[in-house]
Structures are given as C-alpha cells and as structure tokens.
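Breakdown of the fold
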Amino acid sequence: MPSLYLIRHGIAEERGNYEDDRQRPLTEEGRKKTKQVAKRLYDLGLRFDLLQTSPLVRAQQTSDIFANVFEGCPVQQLSELAPEGNFEDWLKRVIAWLAQHPQPARSSLGIIGHEPDLTTWAEMLIWGESKGVLVLKKAGIIGLVLPETQPWTSNGVLFLSIPPKLLI
C-alpha cells in the first residue's frame, strides 16, 4: 500500500516581517532543526520516491533540505500545496503519480506544506472529514498508509505522528 508522509515546513521568520508572506524564509534555527529531523528520519530508514512541495519559500527551503539529506530525491512543486490549496485537485495529482509509478503499492510520497491544510487533509484521508484532532508542529511528520484502491478518503490509516522534538 502507498505511504504518504505529511511534513510541515520548518520554523520560519515571523509573520509581518515580509511584504509578501509567500517569501518568508526559514530561520537559521528552522534550517538547523529541519536538517536534524530529515537526518534522523533517514537514519531510521525512511525513503521517499518523490517529495511534493508548496511553492512558498519556507516550504521550498524545507524540501531542499530533505532532498539533500535523502540523496537527491526528486522534488515536484505544486500550487495545490500552498495555503488554502485544493484537496481534491492535489489528490488527483497523487493518484495520477501513483498510477505512473512502477510499483504504486510500495510508493512513498513526501508532502511538504502548511497548517492547517496538512492536518485537515490527513483527517480527510483517515475519517472522510476534518475533525480538528491531529496536530502537526513545524518540521513534524504524519505518516499515512493509503488503500491500494479508491476511494482514499476515509480509508487511510494513521501509523505515524511525530513532533520534531522527538527526532532531534
């Protein structure tokens, strides 16, 4: 069954310090902690076939760190992963990618984005609706196993939810 890892971007500069919030970068601490998290996940044996990322600077920087630690894992930028992105459109892209992947049942896809979208989407995949229960800290990760056949909403299984402090 395909695995989906939802990863929140690392610690970013304060809101309001940038005219365009889309340009807000990671802080030095955010880069350091994100790299520590990525290295720890790699050391634990996690691998990705693809990283999908939001186009916002802080998410792109997070994906760059992960791609570097995960030995050049390919990165795909998706507008759907920007804040308030469209869940259905993103899910269609995931389904299309899995259909093209040689062994979709063993695929591992990393998604780098923002809150509250990532936890809302995880809850949609698990329960078919957002319940506001899951928490995802900056540079934290949630792992889901998706069923091999659709529908995926309300059929996903949560198997991992780790805040960064447990990985550093």
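My aim in this report is to walk through the structure given alongside it, one point at a time. Remember, it's a predicted structure, so these values are computed and weren't measured experimentally.

**Focus: helix H2 (residues 57-69)**
Since the α-helix packs 3.6 residues into each turn, any two residues three or four apart lie on the same face. The first and last C-alpha atoms of H2 sit 18 Å apart over 13 residues, in line with the 18 Å expected at 1.5 Å per residue. Taken residue by residue, H2 has Val57, Arg58, Ala59, Thr62, Ser63, Ile65, Phe66, Ala67 and Val69 as its buried positions. Considering only its buried residues, H2 is in contact with strand S1 (3-8), helix H1 (28-43), strand S2 (50-53), strand S3 (75-77) and strand S4 (108-113). Once H2 finishes, Glu71 follows within two positions and takes phi at roughly 55°, a positive value.

**Notes on the packing of H1 against H2**
Put simply, H1 and H2 touch, their axes get as near as 9 Å, and they point 35° apart. Both H1 and H2 take part in a crossing whose hand is right-handed. For the pair H1 and H2, contact is made by Arg31, Thr34, Lys35, Val37, Ala38, Lys39, Leu41 and Tyr42 and by Thr62, Ile65, Phe66 and Val69, respectively. Looking at the contact of H1 with H2 residue by residue, the classes come out as seven nonpolar, two polar and three charged.

**Describing the sheet that holds strand S6 (residues 157-162)**
Hydrogen bonds along the backbone pair up the strands of a sheet, which may run parallel or antiparallel. Taking strand neighbours across the sheet as the criterion, the six strands line up as S3-S2-S4-S1-S5-S6 in an open arrangement whose pairing is mixed. A single partner strand is all that each edge strand has here, and the edge strands are S3 and S6. If you compare each strand with its neighbour and ignore which way they point, the axes differ by 20° on average. Pairing between strand S5 (residues 141-145) and S6: five bridges, direction antiparallel.

**Here we look at the side chain of Ser108**
Tracing the chain through its elements places Ser108 in strand S4. The class of Ser108 is buried, set by a relative accessible area of 9%. Looking at Ser108, its side chain comes within polar contact range of the main-chain oxygen of Arg47, at 2.7 Å. Non-local contacts of Ser108, meaning those with residues more than four positions away in its chain, are made with Ser3, Tyr5, Arg47, Phe48, Asp49 and Leu50.

**What to know about the layout of surface pockets**
Quantified by volume, the largest pocket comes out at close to 230 Å³. Residues of the lining of the largest pocket, tallied by class, amount to four nonpolar, two polar and ten charged.

**Some remarks on the pattern of salt bridges**
Between side chains of opposite charge, a pair can form when the charged atoms approach closely. For the structure shown, the criterion picks out six salt bridges. Between Asp21 and Arg15 there is a salt bridge whose closest N-O contact spans 3.9 Å. Given the relative accessible area of 62%, Arg15 is considered exposed. Close ionic contact of Lys33 with Glu29 constitutes a salt bridge, the shortest N to O distance being 2.9 Å.

**Quick word on the side chain of Thr53**
Structurally, Thr53 is set in strand S2. On the basis of relative accessibility, which here comes to 1%, the residue Thr53 falls in the buried class. Among the polar contacts listed, one links the side chain of Thr53 to the backbone oxygen of Ala59, at a separation of 3.2 Å. In this structure Thr53 touches Ala59, Gln60, Ser63, Val75, Gln76, Gln77, Leu78, Leu81 and Ile112, once residues within four positions along its chain are discounted.

What counts and how
Residues numbered from 1 in each chain as written. Predicted model: local features only at pLDDT ≥ 70, side-chain atom pairs only at ≥ 80, totals over all residues. Heavy atoms only, no water. Helix = DSSP H or I, 4+ residues; strand = E, 2+ residues; numbered from the N terminus. Expected span 1.5 Å × (residues − 1). Buried < 20%, exposed > 50% of the residue type's maximum accessible area, 1.4 Å probe, protein only. Contact = heavy atoms within 4.5 Å. Axes fitted to C-alpha atoms, helices over the stretch in contact; angles between N-to-C directions. Left-handed = near helix turned anticlockwise from the far one by under 90°. Nonpolar A, V, L, I, M, F, W, Y, C, P; charged D, E, K, R; others polar. Pairing = 2+ DSSP bridges. Polar contact = N/O pair within 3.5 Å; in protein donor to acceptor, adjacent residues only side chain to side chain. 1 Å grid on protein atoms, 1.4 Å probe; cavity = no way out; pocket = protein on both sides within 12 Å on 5 of 7 lines; lining within 4 Å. Points joined across faces, edges and corners; volume = space filled by probe spheres on them. Salt bridge = Lys/Arg side-chain N within 4 Å of Asp/Glu carboxyl O.

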